[in-house]
Amino acid sequence: MSMTTDEIRSCYLNFFVERGAKLCPSDSLVPANDPTLLFTGAGMNQFKDYFLGIGKMDFRRATSCQKCIRTGDIMNVGVTPSHHTLFEMLGNFSFGDYFKTEAIEWAWEFLTGTMKIPEARLQVSVHENDDEAFGIWKNKMGLPESKISRLGDHDNFWPADAPKLGPNGPCGPCSEIFFDRGEQFGCGAADCGITCDCRRHVEIWNLVFTQFDRQSDGSLPPLPQCNIDTGMGLERMASCMQGTVTNMDIDIFQPLTAKIAEMAETSYGKEKAADVLIRRIADHARAVTFCIGDGVVPANSHRGYVLKRLLRRAVLDGRNLGIRGAFLSQMVPVVGKVMNKPYPEILERAESIAEIVASEEDKFLSTLEKGLTLIDMATENTKKAGKAELDGRTAFELYDTYGFPYELAEEVVEKNGLTIDREGFDTAMAEAKEKARAGAKMKGDVFAKGPVTEVKKRTGGTEFLGYDNDSVDAKVIAIISGDSLVGKAGAGTEVTIVLDKTSFYGESGGQVGDTGSIVGPGNLVIEIDDTQKIDGIHFHVGRIESGEISEGMAVSTQIDTARRLDIRRNHTVTHLLHKALHEVLGPKAEQKGSYVSPERMRFDFQHGQKVTDDECRRIEEIVNKAILADFPVVTEVMDVENAKKKGAMALFGEKYGASVRVVQVGDGYSTELCGGTHIHRTAPIGSFRILSEESVSSGVRRIEGVTGIAAYRTASDEGKILATLANELKVPAVELAERIKAILEDAKNARKELNAIKAEAVSASLSEITPVEIGEAKVVAQKLDGVLGKDLAAASDTIAKKLGDNGVTVLVGTDGDKVGLVIKVGKALAPAKLKAGDMVKELAPMVGGGGGGRPEMAQAGGKNPAGIDDLLKAVPELIQKALS
């Protein structure tokens, strides 16, 4: 009965293709046009409109293996046998076609026939009120009633508890199929069954019968069409077929756990606690790899934050296993090889993905060291306040902001004789999890309703004719005013217009939407300010200047051609820039995003370090040479396979349909998949200038640039600046660099001379300082005008050496409104009797500042020079109090 994970996936998909289903590739982990989801969490997500019966439907049966991410139960990953963050969901779907009978028949046929699972090892459940499903299982499939459990809304309705609790929208009863793993996995109870928590009986397939449309009053009227939505967890199914104890013991996880154990210099299966960490790292390594593969990069919000947390948890687990230094990037090629058959793009881009992982990993390891410093400070403050317990929320903030684990924080504070308020930590954790869960799940209605949904019922999409036409004749399909569809609208009204065809490009692929006008009979003029595209439908946003528009009216579109020309220049130059980046920085400088407007363009790409000024000049020169070469720019629509053979570059994480648009510059100079508008030859771009180069996130850089007249104006403005400087400095423009260099050198020498004079003055004043004895301490508390930074620290060192081991040096420096404070305590006093760090915390607020440091040395900055006298007066009392 044993089968590999790849074999199970192939068997399932082939089974339903043979029964008329359209084989659909996995959607991206980043849901398109769905603001209700952070990540794709189910196979049905990409078919939402099909389930609602809106938009263009090319098929009524589908099957897919969808990569999914769910983080709601992240704390259970590695602990339980079946929890994952990244997993694959096998599914077969019907959109108003087959229903319960076929869904149940085929599920049973696949499991007992194709998979050859003995019927004795299978049981099913149905909703307590679903007599139809119960009858099919009993009468048609021949299952005895003892093998069919009737369960309530929580267990056998989708979404769970929807009849009573919502959300509104499509819903229905479901039937689940369970696999009996055997007595060795059970609790031994005589009544052990599918509702038992012992994990002997594993749910392997959920058949959802979507037949109701829940309303706000709780009623469940039938849907116009009944649908089938099924889900089978591939990893769980593989575990059942391969007889493993956990999902993470199956064939596609074994190379991952083995690699982790090797790096940790241990063996998987040797120790229970270590095995949990190994499994969790394996899971998170997959999730991190696939997230980045679909275009997510580490960030401080939304998907990027989830990715960052997953990566950091894995790094911390590695640390707890004894792995020192960065290691997670080494898991990327292992994941790529294991998942190569269904997802070859991961292995193809393994090097690029690993580079992003390594960059974020290194950043976190340095952040972790900062966390250690902060936990030390928090511990010190707790003790100083006379408390024996560190605030739980403080511990959570360290965990949440710096990834500092609770266990490590507990270890640090215990060494200082303290404990952590675990209840406070858990409360803060629960609040954060609830916030994250609220952002990740579907909100309100299961499927968003409103004018866009209604428009989708009227049209399957807008025919875009704008590649070759600036103006087209069209028919009005829908008019939106405010949040409602209206039949007509008059002058002065803000409207969004949907047409059957258009010359307006809808914002997508980083290119902004077109502007222009829509005109019609009766002196109708609508000024269009923006064009958006949602699921293939173009929404023209504007204001009616004159006349009246109504549904079904014949109108004409006219784009702003001058604006479009600037956009085309900037879009084509992004392709030339991409090519130049590969030439200068290497093939790993892959596009991560772009923005194309008439004014400028920006291009985000993968690169782990700053692009040097010399590299920017080389990149700019390569682009301008391509412009001067006057390469032809040719577009062609073809299938994906032919596009790949042609060498077309696809974007990281983008999902493409069966047919794609290929944009080729020159004879193979640049070939990319792109749906944007482009110039016909490169020469009309004019020229290209880089305006800036900067970092936008971990491992991702951004170049902003201009073309055409904007590039000319940039050069002209720079020329004026050079001419002004040359005139002021009385040298030819070509000699400016040398002249400015000489001026800077003179200024540097002058500063050195000034510092030397200042140092002599400070030294003279220090020689006259006499320490005051306070108990056993020799104390100098002094104000030094015009001395800050390194000079203040140097002065502090000089006095500290003079005072010796019993010395206490408190120097306050000023420079305008800036105040610097340096405190040094001799080793005979610190840390047992006096701590510089404690003194800084007491004194710094007096000059409007704050700081910290070690028992022997601490420093702070401030911005209130008026408080210096009070600070100096407070020093003797503070020392006296500490020593007594």
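For the structure, see preceding data.
Every value quoted in this text rests on a predicted model; they were computed, and no experiment measured them. (Residues numbered from 1 in each chain as written. Predicted model: local features only at pLDDT ≥ 70, side-chain atom pairs only at ≥ 80, totals over all residues. Heavy atoms only, no water.)

Re the overall build of the chain
The helix and strand inventory of the chain stands at 24 helices and 35 strands. On the principal axes, the C-alpha backbone points of the chain span a range of 105 × 80 × 50 Å. Of all 884 residues assigned to the chain, the portion counted as buried reaches 49%. Taking as baseline every contact in the chain between residues at least 6 positions apart, the subset at least 24 positions apart corresponds to 68%. The chain carries 106 positive and 127 negative side-chain charges, and their two centres are separated by 2 Å. (Helix = DSSP H or I, 4+ residues; strand = E, 2+ residues; numbered from the N terminus. Buried < 20%, exposed > 50% of the residue type's maximum accessible area, 1.4 Å probe, protein only. Contact = heavy atoms within 4.5 Å. Lys, Arg positive; Asp, Glu negative; His and termini not counted. Charge placed at Lys NZ, Arg CZ, Asp CG, Glu CD.)

Quick look at the side chain of Asp49
Here Asp49 lies in helix 2 (residues 48–52). A polar contact of 2.9 Å, which involves the side chain of Asp49, links it to the side chain of Lys456. Beyond its immediate stretch of four places on either side in the chain, Asp49 contacts Ile54, Lys456 and Asp535. (Polar contact = N/O pair within 3.5 Å; in protein donor to acceptor, adjacent residues only side chain to side chain.)

Remarks on the packing of helix 1 (residues 5–17) against helix 3 (residues 100–114)
Two measures define how a pair of helices packs: the angle their axes make with one another and the distance between the axes. Where helix 1 contacts helix 3, the two axes come as close as 11 Å, and the packing angle between them is 135°. Taken together, the axes of helix 1 and helix 3 lie oblique to each other. Pair helix 1 / helix 3 crosses with right-handed handedness. Seen from helix 1, the contacting residues are Cys11, Tyr12, Phe15 and Phe16; seen from helix 3, they are Trp106, Glu109, Phe110 and Thr114. Considered class by class, the residues forming the contact of helix 1 with helix 3 number six nonpolar, one polar and one charged. (Axes fitted to C-alpha atoms, helices over the stretch in contact; angles between N-to-C directions. Parallel < 35°, antiparallel > 145°, perpendicular 65-115°, else oblique. Left-handed = near helix turned anticlockwise from the far one by under 90°. Nonpolar A, V, L, I, M, F, W, Y, C, P; charged D, E, K, R; others polar.)

Quick look at the pairing of strand 33 (residues 818–825)
Counting buried residues along strand 33, six of its eight residues qualify, which places the element largely inside the surrounding structure. In this structure, strand 32 (residues 807–815) lies alongside strand 33, joined through eight bridges in antiparallel fashion. The partner of Asp815 across the bridge, within strand 33, is Lys818. The turn joining strand 32 and strand 33, which pair antiparallel and follow one another in sequence, is formed by two residues; a positive phi near 70° is taken by Gly816. Bridge count between strand 33 and strand 35 (residues 857–862): six bridges; the pairing is antiparallel. Of the residues in strand 35, the one forming a bridge with Gly820 is Gly861. (Pairing = 2+ DSSP bridges.)

Some remarks on a nonpolar patch on the surface
A cluster of nonpolar side chains, Ile721, Leu722, Leu725, Ile740 and Leu744, forms an exposed patch at the surface whose accessible area comes to about 440 Å². Elements with a contribution of two residues or more to the nonpolar patch: helix 20 (708–729) and helix 21 (736–767). By residue number, the principal contributor to the nonpolar patch is helix 20, which donates three residues. Relative to the assigned elements, Leu722 resides in helix 20. A relative accessible area of 43% places Leu722 in the partly exposed class. (Patch = residues over 30% accessible without salt bridge, like charges linked within 9 Å, V, L, I, M, F, W, Y side chains within 5 Å. Areas by Shrake-Rupley, 256 points an atom, 1.4 Å probe, with all protein chains shown as cover. Salt bridge = Lys/Arg side-chain N within 4 Å of Asp/Glu carboxyl O.)

As for the sheet that holds strand 25 (residues 633–639)
Read across the open sheet, the three strands follow the order 25-26-27; overall the sheet is antiparallel. Edge positions in the sheet fall to strand 25 and strand 27 (670–673), since each has one partner strand and no second. Geometrically, the sheet is characterised by an average inter-axis angle of 25° between neighbouring strands, direction not taken into account. Where strand 26 (residues 659–665) meets strand 27, four bridges bridge the pair, whose relative direction is antiparallel. Looking across to strand 27, one finds that Val662 is bridged to Leu673. Sheet contacts for helix 17 (residues 561–585): strand 25, strand 26 and strand 27; angle to strand 27, the most-contacted strand, approximately 115°.

Details of the pairing of strand 13 (residues 471–481)
Sheet topology places strand 13 next to strand 22 (residues 554–559); five bridges connect them, and they run antiparallel. In the sheet register, Val472 faces strand 22, and the bridge partner there is Thr557. Pairing analysis gives four bridges linking strand 13 to strand 16 (residues 494–499), with the strands arranged antiparallel. Pairing of Ala478 across the sheet is with Val498, part of strand 16. Bridge count between strand 13 and strand 14 (residues 484–486): three bridges; the pairing is antiparallel. By the bridge assignment, Ile479 is partnered in strand 14 with Val486. Hairpin connection between strand 13 and strand 14: a loop of two residues separates the two successive antiparallel strands, and Gly482 in this loop has a positive phi of roughly 65°.

Details of the pattern of salt bridges
In the structure shown here, the tally under the stated rule is 46 salt bridges. A salt bridge links Lys456 to Asp535, with the shortest nitrogen-to-oxygen separation between them at 2.6 Å. Of this pair, Lys456 sits in helix 16 (residues 451–458) while Asp535 sits in the loop between strand 19 (524–534) and strand 20 (537–546), placing them 79 residues apart in sequence. Across the pair Arg564 and Asp514 runs a salt bridge whose closest N-O atoms are separated by 2.7 Å. Separated by 50 residues along the polypeptide, Arg564 in helix 17 and Asp514 in the loop between strand 17 (501–502) and strand 18 (516–520) bring together distant segments of the chain. Accessibility assignment for this pair places Arg564 and Asp514 in one class, buried. Ionic contacts of the salt-bridge type, sharing partners, join the residues Asp6, Arg9 and Glu88 into one network.

Description of helix 8 (residues 272–293)
For helix 8, which comprises 22 residues, the first-to-last C-alpha distance of 32 Å matches the rise-based estimate of 32 Å (1.5 Å per residue) to within 8%. One or two residues past the end of helix 8 sits Gly295, with phi positive at roughly 95°. (Expected span 1.5 Å × (residues − 1).)

Regarding the nonpolar core
Core analysis: the biggest nonpolar cluster contains 116 residues, and Leu111, Trp137, Ile177, Ile204 and Trp205 have the highest contact counts within it. Aside from chain neighbours lying at most four places away, what touches Trp137 is Ile104, Trp108, Val124, Val126, Gly142, Leu143, Ile148, Ser175, Ile177 and Leu207. (Core = buried A, V, L, I, M, F, W, Y, C linked by side-chain atoms within 4.5 Å.)

Some words on unusual backbone geometry
Omega for the bond connecting Gly166 with Pro167 falls within 30 degrees of zero, at 10°, which places this linkage in the cis form. Within the element layout of this structure, Pro167 appears in the loop between helix 5 (162–165) and strand 7 (169–180). The residue Arg199 is not glycine, and still its phi comes out positive at about 75°. Within the fold, Arg199 resides in the loop between strand 7 and strand 8 (201–214). A relative accessible area of 45% places Arg199 in the partly exposed class. Residue Asp630 is not a glycine yet carries a positive backbone phi of 55°. Along the chain, the position of Asp630 falls in the loop between helix 18 (613–628) and strand 25.

A short note on the sheet that holds strand 33
On the basis of which strands lie adjacent, the open sheet formed by six strands has the order 30-31-32-33-35-34 and mixed pairing. Two strands in the sheet have a free side with no partner beyond their single neighbour: strand 30 (772–774) and strand 34 (850–853). Geometrically, the sheet is characterised by an average inter-axis angle of 20° between neighbouring strands, direction not taken into account. Where strand 34 lies against strand 35, four bridges are found, and the strand directions are antiparallel. Among the inter-strand pairings, Gly851 is bridged to a residue of strand 35, identified as Ala860. The strands touched by helix 23 (residues 836–843) within the sheet are strand 32, strand 33, strand 34 and strand 35, with strand 33 carrying the most contacts at an inclination of about 150°.

Brief notes about the environment of Ser149
Within the secondary structure, Ser149 is located in strand 5 (residues 148–151). Setting aside chain neighbours within four positions, we find Ser149 in contact with Val124, Ser125, Val126 and Ile194.

Thoughts on the packing of helix 20 against helix 21
Two elements in contact, helix 20 and helix 21, have axes whose closest approach is 11 Å; the angle formed by their N-to-C orientations is 55°. As judged from the angle between their axes, helix 20 and helix 21 are oblique. As for how helix 20 packs across helix 21, the hand of that crossing is left-handed. Facing helix 20, whose interface residues are Leu722, Leu725, Ala726 and Leu729, helix 21 presents Leu736, Arg739, Ile740 and Ile743. Of the residues belonging to the contact of helix 20 with helix 21, the class tally is seven nonpolar, no polar and one charged.

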